[in-house]
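# Fold and geometry: a report
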Amino acid sequence: MSGKMATSSTSAFLSWNSSSWLHSFVGPTNEISKLPNKRMPMLVLAQKKAKKTRKIILKQDVTDLGKKGQLVDVKAGYYRNFLLPTGRAQIVTPDLL
């Protein structure tokens, strides 16, 4: 019996406590928000996605990609994770061209 009473008093305490805590941030809930009646259009700006390909020159023949000395476009991750560490490719610069 005392377990049920403790639970109900705890829930009453929590509900009172959480509602007073909420009021300190947002104010009383019965207050009408003071938003303007005008409908303003929302401007949405989008950015272009970052360039995810690299123009490279092959230092060695790579299966399914190309022959030595060939200029190819590859995904940045493929270049960074495979071609560069194995020394099979180099990014194209104006000096190389």
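Note: the structure precedes this text.
Residues numbered from 1 in each chain as written. Predicted model: local features only at pLDDT ≥ 70, side-chain atom pairs only at ≥ 80, totals over all residues. Heavy atoms only, no water.

The next point concerns the pairing of strand 2 (residues 71-75). Of the two faces of strand 2, the one holding Val-72 and Val-74 is buried and the one holding Leu-71, Asp-73 and Lys-75 is not buried anywhere. As defined by bridge partners, strand 1 (residues 53-58) adjoins strand 2 across 5 bridges and the pair is classed as antiparallel. Bridge pairing links Thr-53 to Lys-75 in strand 2. (Buried < 20%, exposed > 50% of the residue type's maximum accessible area, 1.4 Å probe, protein only. Helix = DSSP H or I, 4+ residues; strand = E, 2+ residues; numbered from the N terminus. Pairing = 2+ DSSP bridges.)

The strands that make up a sheet are held in pairs by hydrogen bonds between backbone atoms, and each pair lies either parallel or antiparallel. Read across the sheet, 3 strands follow the order 2-1-3 without closing on themselves; strand pairing throughout is antiparallel. Each end of this open sheet is capped by a strand with a single partner; those strands are strand 2 and strand 3 (89-91). Taken over all neighbouring pairs, the strand axes of this sheet differ in orientation by 45 degrees on average, direction set aside. (Axes fitted to C-alpha atoms, helices over the stretch in contact; angles between N-to-C directions.)

What follows concerns the packing of aromatic side chains. Evaluation of the coordinates by the stated rule reveals 1 aromatic pair. When the ring of Tyr-78 is compared with that of Phe-82, the centres are 5.6 Å apart and the planes differ by 25 degrees; the resulting orientation is stacked. In this pair, Tyr-78 and Phe-82 are both assigned in helix 2 (residues 76-86), 4 residues apart and thus about one turn of the helix distant. (Phe/Tyr/Trp six-rings, centres within 6.5 Å; stacked < 30°, edge-to-face > 60°.)

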